[in-house]
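# A closer look at the structure
Spelled out, the chains give:
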Amino acid sequence: MDAVVGSLQQHVDLRVQALQSTVETLVTNFAATQHLYFQQVQLQQQALLELQKSASRAALSILAASSASPSTAPVDSTAPLLQPPEASRALALLSGPSANARERGGDSEEVPAGFEQDRTISSCVDLWREYKEGIGGAPSVEDMDKKWNARWRRLDKDRVHYKRRMIIINRIKAVIASEKVSAERAVFLVERARLALSTPRSLDKLSKMLRDETFEVALS
């Protein structure tokens, strides 16, 4: 029995010694690896520092060369500065009326660009609303006439369209004045006359019919 115990103890001692040797080897290898790692980091830091120094010296050399050899090309102080379209429009508004406006009689404001009557309107109701109130956030035709007279109608097509539509507007005004009725009633009567036309029942056709003195708008 003692022999067996002694044999087991000897075997355990040998295993412990082997494990201790393995641990010592691992510790030694780890220390060596860690040392190599720190050496590599130091080398990289030194290389980066040298690169930064070289870049700084190159930048200083370029700056010194530029200062020593200034451009001999004269700067034209009278050359106009290029400006984006938004800045140009803002300066135009701040600088007052254009030469064309002054030639037309000293107008203090420019006619707003882009305004035109809605060509898609097909009823007297919407036509009257465009004239009195405006449609889609645009100013009314009546306000444009009061402020700009005929100047807001720049193109021939705009003037022709306006003239045709004003025949209808003026007939609505005439019904209001002669029959002492509300604008809503007058618009209804003229719209009813349009709907009574043979096709096409367009505003252009109604305008043409109203130019004919024999065409009457039924008032009852």
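An unreviewed UniProt entry lists the protein chain under the name Transcription activator GCR1-like domain-containing protein, from Tilletia caries.

## Re the overall build of the protein chain
Check the secondary structure of the protein chain and you find 8 helices and 0 strands. Reading the protein chain from its N terminus to its C terminus gives the helix and strand order α-α-α-α-α-α-α-α. Sequence-distant contacts, at least 24 apart, represent 57% of the contacts inside the protein chain between residues at least 6 apart.

## Some points on the pattern of salt bridges
Pairing is possible between side chains of opposite charge, provided their charged atoms come close. All told, the structure shown has 9 salt bridges when counted by the stated rule. The partner of glutamate 116 in a salt bridge is lysine 157, with the nearest N and O atoms 3.6 Å apart. One end of the pair, glutamate 116, is in the loop between helix H3 (99-103) and helix H4 (124-132); the other, lysine 157, is in helix H6 (residues 156-179), and 41 residues separate them in sequence. For glutamate 116, a relative accessible area of 43% corresponds to the partly exposed category. A salt bridge links aspartate 158 to lysine 157, with the shortest nitrogen-to-oxygen separation between them at 3.4 Å. With a relative accessible area of 8%, aspartate 158 lands in the buried category. We classify lysine 157 as partly exposed; its relative accessible area is 47%. Residues joined by salt bridges that share partners form a network here, namely Glu116, Arg119, Lys157 and Asp158.

## Details of the nonpolar core
By size, the foremost hydrophobic cluster in this structure holds 28 residues, and its most contacted members are Trp152, Ile168 and Leu206. Residue assignment for this core shows that the elements contributing at least two residues are H4, helix H5 (141-148), H6, helix H7 (183-195) and helix H8 (203-211). The leading source of residues in this core is H6, at 6 residues. When neighbours within four sequence positions are excluded, isoleucine 168 is seen to be in contact with Cys124, Leu127, Val190, Leu203, Leu206, Ser207 and Leu210.

## Describing a positive patch on the surface
A cluster of like positive charges, contributed by Lys163, Arg164, Lys208 and Arg211, occupies part of the molecular surface. Following the sequence through the fold, arginine 211 ends up in helix H8.

## What about the side chain of serine 123?
Looking at where serine 123 falls in the secondary structure, it is placed in the loop between H3 and H4. One polar contact links the side chain of serine 123 to the main-chain amide nitrogen of aspartate 126, over a distance of 3.2 Å. Not counting residues within four places of it along the chain, the set of residues in contact with serine 123 comprises Glu191, Arg194 and Leu203.

## Section: the packing of H4 against H7
The geometry of a pair of packed helices is captured by two quantities: the angle between their axes and the separation between those axes. Following both chains from N to C, one finds H4 and H7 inclined at 135°, their axes separated by 9 Å at the closest point. It follows from the interaxial angle that H4 and H7 lie oblique. Contacts between H4 and H7 involve Cys124, Val125 and Trp128 from the first element and Ala183, Val187, Val190, Glu191 and Arg194 from the second. When grouped by side-chain class, the residues that make up the contact of H4 with H7 number 6 nonpolar, no polar and 2 charged.

## Points about H6
Since the α-helix turns once every 3.6 residues, residues separated by three or four places project in the same direction. Taking 1.5 Å of rise per residue, the 24 residues of H6 would be expected to cover 34 Å, and the 35 Å separating its terminal C-alpha atoms lies within 8% of that figure. Burial in H6 covers these residues: Asp158, His161, Tyr162, Arg165, Met166, Ile168, Ile169, Ile172 and Val175. Next to the buried residues of H6 lie H4, H5, H7 and H8. Positioned one or two residues after H6, lysine 180 has a phi angle of 55°, which is positive.

## Points about the confidence of the model for the protein chain
In this model, the protein chain carries a mean pLDDT of 77, and residues with pLDDT of at least 70 account for 68%. At the level of individual helices and strands, the protein chain shows its lowest average pLDDT in helix H2 (residues 85-94), which scores 41, and its highest in H4, which scores 97. In the predicted structure, residues 69-75 sits below a pLDDT of 50 and forms 0 contacts with residues beyond four places in sequence or in another chain.

## Some words on the environment of threonine 120
Mapping threonine 120 onto the fold places it in the loop between H3 and H4. A relative accessible area of 64% means that threonine 120 is categorised as exposed. Among the polar contacts made by the side chain of threonine 120, one reaches the side chain of aspartate 118 at a distance of 2.6 Å.

Here is what the cut-offs are and how they apply
- Residues numbered from 1 in each chain as written.
- Predicted model: local features only at pLDDT ≥ 70, side-chain atom pairs only at ≥ 80, totals over all residues.
- Heavy atoms only, no water.
- Helix = DSSP H or I, 4+ residues; strand = E, 2+ residues; numbered from the N terminus.
- Contact = heavy atoms within 4.5 Å.
- Salt bridge = Lys/Arg side-chain N within 4 Å of Asp/Glu carboxyl O.
- Buried < 20%, exposed > 50% of the residue type's maximum accessible area, 1.4 Å probe, protein only.
- Core = buried A, V, L, I, M, F, W, Y, C linked by side-chain atoms within 4.5 Å.
- Patch = residues over 30% accessible without salt bridge, like charges linked within 9 Å, V, L, I, M, F, W, Y side chains within 5 Å.
- Areas by Shrake-Rupley, 256 points an atom, 1.4 Å probe, with all protein chains shown as cover.
- Lys, Arg positive; Asp, Glu negative; His and termini not counted.
- Charge placed at Lys NZ, Arg CZ, Asp CG, Glu CD.
- Polar contact = N/O pair within 3.5 Å; in protein donor to acceptor, adjacent residues only side chain to side chain.
- Axes fitted to C-alpha atoms, helices over the stretch in contact; angles between N-to-C directions.
- Parallel < 35°, antiparallel > 145°, perpendicular 65-115°, else oblique.
- Nonpolar A, V, L, I, M, F, W, Y, C, P; charged D, E, K, R; others polar.
- Expected span 1.5 Å × (residues − 1).
- pLDDT = per-residue confidence, 0-100.

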